[in-house]
Amino acid sequence: MPSSESNRFCVSHLLTPAGIRLNLTSADRDSVLTELSAAVPELQNHPEKRAALLKALRDREELHSTGIGDGVALPHARTALSGLVNQPVIVFGRHTPGIPFGAIDRKPVQLFFLLVTTSVTQHLQILARISRLLQGPVLRQKLLAADSPGQILSHIRDLEQTM
């Protein structure tokens, strides 16, 4: 079992059912970023903060796509965004048919992990942790097949307990 220190950056602890979208409907990159940004629970009643996040996400995508291949993208700002959230937040989104996202392998992206953090250290540690979780095909396949937010969390939690 991981220590409480490493639990601080467990994906399963930073992701809540309210931040899971299993049926994204957007047809392009900018629209899916809007859809994911709207799912950040802490920003639901703060349109100005949501707009700031969306701008930072779009700016980051203009530099280089956060599509890492194998149908996965990790949208995030270039650096931590102070003042938007009080603690790190992850939003998971699934777009079953996939959308063009400029991924490194040029394949459509189906699985999205939007990351919003409060410090650069958190930002880097959480990105690394998500990347490790998604290295093999098993979790990706389970996330594509999951029927509920609870199943998404359970699959992630199960894999994290073995790391």
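Cut-offs and rules
The written sequence of each chain sets the order in which its residues are numbered from 1. Predicted model: local features are reported for residues with pLDDT of at least 70 only, side-chain atom pairs are reported and counted for 80 or more only, and whole-chain, interface and lining totals are derived from all residues. Only hydrogens and water are removed before side-chain values are computed, so all heavy atoms of the structure are retained for them. Here is the rule: rings of Phe, Tyr and Trp (six-membered ring for Trp) pair when centre to centre is within 6.5 Å. Planes less than 30 degrees apart are stacked, more than 60 are edge-to-face, and the remainder are tilted. Here a helix means four or more residues in a row that DSSP labels H or I, a strand means two or more in a row labelled E, and each is numbered from the N terminus. Exposure categories follow from relative accessible area, calculated using a 1.4 Å probe and restricted to protein chains: below 20% of the type maximum is buried, above 50% is exposed, and the middle band is partly exposed. Salt bridges are counted wherever a side-chain nitrogen of Lys or Arg sits within 4 Å of a carboxyl oxygen of Asp or Glu. Any two strands are treated as partners once DSSP identifies two or more bridges connecting them.

S.K.: Pulling in residues and values, what's your account of the packing of aromatic side chains?
M.R.: By the definition in use, this model includes two aromatic pairs. Centre to centre, the rings of F101 and F112 are 5.2 Å apart; their planes meet at 70°, and the pair counts as edge-to-face. You can see F101 sitting in the loop between β4 (89-99) and β5 (109-116) and its partner F112 sitting in strand β5, a full eleven residues away along the chain. Both residues of the pair, F101 and F112, count as buried.

S.K.: Residues and numbers for the pattern of salt bridges, please.
M.R.: A side chain of one charge can pair with a side chain of the opposite charge if their charged atoms are brought near each other. Under the counting rule described, the total for this entry stands at six salt bridges. When the shortest N-O distance is used, the salt bridge between D30 and R29 registers 3.9 Å. Take D30: its relative accessible area is 31%, and that puts it in the partly exposed class. A residue is classified by how much of its surface remains accessible, and R29, at 22% relative accessible area, is partly exposed.

S.K.: For the sheet that holds strand β2 (residues 67-69), give the residues involved together with the corresponding values.
M.R.: A sheet is described by the order of its strands in space; here five strands give the open sequence β1-β4-β5-β3-β2, paired in mixed fashion. Strands with a single pairing partner mark the edges of an open sheet, and in this sheet they are β1 (20-21) and β2. The pairing of β2 with strand β3 (residues 72-73) spans two bridges and is classified as antiparallel. Considered in β3, the bridge of G67 is made with A73.

By themselves, these are just geometric observations and shouldn't be taken as functional.
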